[in-house]
Amino acid sequence: MTLHLPSYLIDRGLSAEVGGWTLGVIGLFNIFGALTSGYLSGRMPKRYILAFIYSTRALAVIFLVMMPASPAAALIYGAVTGFLWLSSVPPTSGLVAVMFGTRWMAMLVGVTFLSHQVGGSLGVYLGGLLYETTGSYNIVWWGGVVFGVLSALINLPIVEKPVVRPAVAAA
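Report follows, based on the coordinates. The model shown is predicted, which means the values in this text are computed figures rather than measured ones. (Residues numbered from 1 in each chain as written. Predicted model: local features only at pLDDT ≥ 70, side-chain atom pairs only at ≥ 80, totals over all residues. Heavy atoms only, no water.)

Concerning the side chain of Asn30
Stage number 1. With respect to the helices and strands, the residue Asn30 is situated in helix α2 (residues 16-41).
Stage number 2. Those residues within four positions of Asn30 in sequence are excluded, and the remaining contacts are Gly82, Phe83, Trp85 and Leu86. (Helix = DSSP H or I, 4+ residues; strand = E, 2+ residues; numbered from the N terminus. Contact = heavy atoms within 4.5 Å.)

Okay, structure coming up:
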């Protein structure tokens, strides 16, 4: 996002300044999204929060791609995306704590976010590769929509209770 969004906006006829402002709005709204998500994660099923986050991310991308290019559309997209950016961290961490306990929480959350970083790195690389290959970001954006919908659906069946682990037999 931070690498390809400004270029995408320039490709659509907007200035680099609009791209910079959009990234700034993402950062600002990120604060509010993470705090709101953390608050809600203590009061609602975390799987529903995650499904909402991922499906709304997909809708935000559809909005960006389908709306005529304008500074207002870019900034609205930035606000929505920023609100949803790190808002997945509190419910994901909460699910790890509920399902696996706190003993291994640091390691499990680390593995979870390692996978997010690998995915993010692949997204940057493949986004650039697809842009260079096709001359367009369309495949990247629509792929993001597909992954957003799939992520929402994957989270819905999560059972928010401790995972049953077989007891270790005494030696």
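Notes on the packing of aromatic side chains
Stage number 1. Under the criterion given, the structure shown has five aromatic pairs.
Stage number 2. Geometrically, the ring pair formed by Tyr77 and Trp141 is edge-to-face, given 6.2 Å between the ring centres and 90° between the ring planes. A residue pair is termed long-range when its members are at least 10 positions apart, and Tyr77 in helix α4 (residues 71-85) and Trp141 in helix α7 (residues 138-155) qualify at 64 residues.
Stage number 3. Exposure remark for Tyr77: the relative accessible area of 2% places this residue in the buried category.
Stage number 4. Measuring from centroid to centroid gives 4.4 Å for Tyr131 and Tyr137, while their planes differ by 25°, and the two rings are stacked.
Stage number 5. The exposure class of Tyr131 is partly exposed, given its relative accessible area of 23%.
Stage number 6. Looking at Tyr137, the relative accessible area reads 7%, which means it is buried.
Stage number 7. The rings of Tyr8, Tyr77, Tyr131, Tyr137 and Trp141 are connected pair by pair, giving a single aromatic cluster. (Phe/Tyr/Trp six-rings, centres within 6.5 Å; stacked < 30°, edge-to-face > 60°. Buried < 20%, exposed > 50% of the residue type's maximum accessible area, 1.4 Å probe, protein only.)

Some thoughts on a nonpolar patch on the surface
Stage number 1. Where nonpolar side chains cluster on the molecular surface, the patch consists of Tyr48, Val146, Phe147, Val149, Leu150, Leu153, Ile154 and Leu156 and spans about 770 Å² of accessible area.
Stage number 2. Sorting elements by how many residues they give to the nonpolar patch places α7 first, with six residues.
Stage number 3. Along the chain, Val146 falls in helix α7. (Patch = residues over 30% accessible without salt bridge, like charges linked within 9 Å, V, L, I, M, F, W, Y side chains within 5 Å. Areas by Shrake-Rupley, 256 points an atom, 1.4 Å probe, with all protein chains shown as cover. Salt bridge = Lys/Arg side-chain N within 4 Å of Asp/Glu carboxyl O.)

Topic: the nonpolar core
Stage number 1. If you look at the biggest cluster of nonpolar residues, it comprises 16 residues, and the most contacted ones within it are Leu5, Tyr8, Leu9, Val61, Leu64, Tyr77 and Trp141.
Stage number 2. Going through the elements one at a time, α1 (4-11), α2, α3 (46-66), α4 and α7 are the ones with two or more residues in this core.
Stage number 3. The greatest single-element share of this core, amounting to five residues, is contributed by α3.
Stage number 4. With near-sequence residues (within four places) excluded, Leu9 lies in contact with Leu14, Val18, Gly19, Thr22, Leu64 and Ala74.
Stage number 5. Ranked by size, the runner-up nonpolar core spans six residues in total, among them Leu50, Ala51, Tyr54 and Ala152. (Core = buried A, V, L, I, M, F, W, Y, C linked by side-chain atoms within 4.5 Å.)

Focus: the side chain of His4
Stage number 1. Assignment of secondary structure puts His4 in helix α1.
Stage number 2. Among the polar contacts listed, one links the side chain of His4 to the backbone oxygen of Val124, at a separation of 3.0 Å.
Stage number 3. Within the local environment of His4, its side chain forms a polar contact with the side chain of Tyr137, the two groups lying 3.1 Å apart.
Stage number 4. Every residue in contact with His4, bar those within four places of it in the chain, is listed here: Gly123, Val124, Gly127, Gly128 and Tyr137. (Polar contact = N/O pair within 3.5 Å; in protein donor to acceptor, adjacent residues only side chain to side chain.)

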